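Observations on the three-dimensional arrangement
So the chains spell out like this:
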Amino acid sequence: QVQLVESGGGLVQPGGSLRLSCAASGSWFSIYVMGWYRQVPGKQRELVATITGATFTNYADSVKGRFTVSRDSAKNTVYLQMNSLKPEDTAVYYCNVVGRTRPTMPVTQDWGQGTQVTVSS
């Protein structure tokens, strides 16, 4: 049984910083992609940032230059460093992992429970 446990959300003033963490517990054969998505009420969930392998990253245009995604493969943990936060970054942030638990099992996509990030003065 795999589980994604997120932490690090909260309330921050505009221009401030937060760091989100997501640990993928359980037995993994291989994790291919780790990343973050976000969602506000009434809108679709959108990609924020992903990291494939150790270093290949992808960012939404709205967060480029402000957010940094990184990964500790030994700990199966992904991080999202968010700087220069804006009110429009307010959302529930979801961790996402693409991988497989056994070499013979299909690749699956798992989601965390979500963590609220609120940017407000």
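A brief look at the structure comes next. Just so it is clear, the model here is predicted, and its values are computed rather than measured. (Residues numbered from 1 in each chain as written. Predicted model: local features only at pLDDT ≥ 70, side-chain atom pairs only at ≥ 80, totals over all residues. Heavy atoms only, no water.)

**Overview of the overall build of the chain**
- When helices and strands are tallied, the chain shows zero helices and 11 strands.
- Radius of gyration (C-alpha) of the chain: 14 Å, near the 14 Å computed for a compact globule of 121 residues.
- If you line up the chain on its principal axes, its C-alpha atoms span 50 × 30 × 20 Å.
- Out of the 121 residues belonging to the chain, those deemed buried represent 40%.
- Considering only contacts in the chain between residues 6 or more positions apart, those separated by 24 or more positions represent 56%. (Helix = DSSP H or I, 4+ residues; strand = E, 2+ residues; numbered from the N terminus. Rg over C-alpha atoms; globule rule 2.2 N^0.38 Å. Buried < 20%, exposed > 50% of the residue type's maximum accessible area, 1.4 Å probe, protein only. Contact = heavy atoms within 4.5 Å.)

**Re a nonpolar patch on the surface**
- A cluster of nonpolar residues, Phe 29, Tyr 32 and Val 107, forms a patch on the protein surface that exposes about 270 Å² of accessible area.
- Tracing the backbone through its elements, the reader meets Val 107 in the loop between strand S9 (91-100) and strand S10 (108-111).
- Relative accessible area serves as the criterion here: at 40%, Val 107 is assigned to the partly exposed category. (Patch = residues over 30% accessible without salt bridge, like charges linked within 9 Å, V, L, I, M, F, W, Y side chains within 5 Å. Areas by Shrake-Rupley, 256 points an atom, 1.4 Å probe, with all protein chains shown as cover. Salt bridge = Lys/Arg side-chain N within 4 Å of Asp/Glu carboxyl O.)

**Brief notes about the pairing of S9**
- The element S9 is largely enclosed, with a buried count of eight among its 10 residues.
- Pairing of strand S4 (residues 30-39) with S9, which is carried by nine bridges, proceeds in the antiparallel orientation. Across the sheet, residue Tyr 37 finds its bridge partner in S9, namely Tyr 94.
- In this structure, S9 lies alongside strand S11 (residues 115-119), joined through three bridges in antiparallel fashion. Residue pairing across strands places Tyr 93 opposite Thr 115, the latter belonging to S11. (Pairing = 2+ DSSP bridges.)

**Description of the pattern of salt bridges**
- All told, the structure shown has four salt bridges when counted by the stated rule.
- Arg 66 is the salt-bridge partner of Asp 89, the closest N and O atoms lying 2.8 Å from each other. A residue pair is termed long-range when its members are at least 10 positions apart, and Asp 89 in the loop between strand S8 (77-82) and S9 and Arg 66 in the loop between strand S6 (56-59) and strand S7 (67-72) qualify at 23 residues.
- By relative accessible area, which is 11% here, Arg 66 ends up buried.

**Here's the deal with the state of the cysteines**
- Considering all chains together, one arrives at one disulfide under this definition.
- In this model, Cys 22 is linked to Cys 95 through a disulfide, with the two sulfur atoms separated by 2.1 Å. Measuring handedness by torsion sign, the sulfur bridge of Cys 22 and Cys 95 sits at about -80° and is left-handed. You can see Cys 22 sitting in strand S3 (residues 18-25) and its partner Cys 95 sitting in strand S9, a full 73 residues away along the chain.
- Look at Cys 22 and you get buried, because its relative accessible area is 0%. (Disulfide = S-S within 2.5 Å.)

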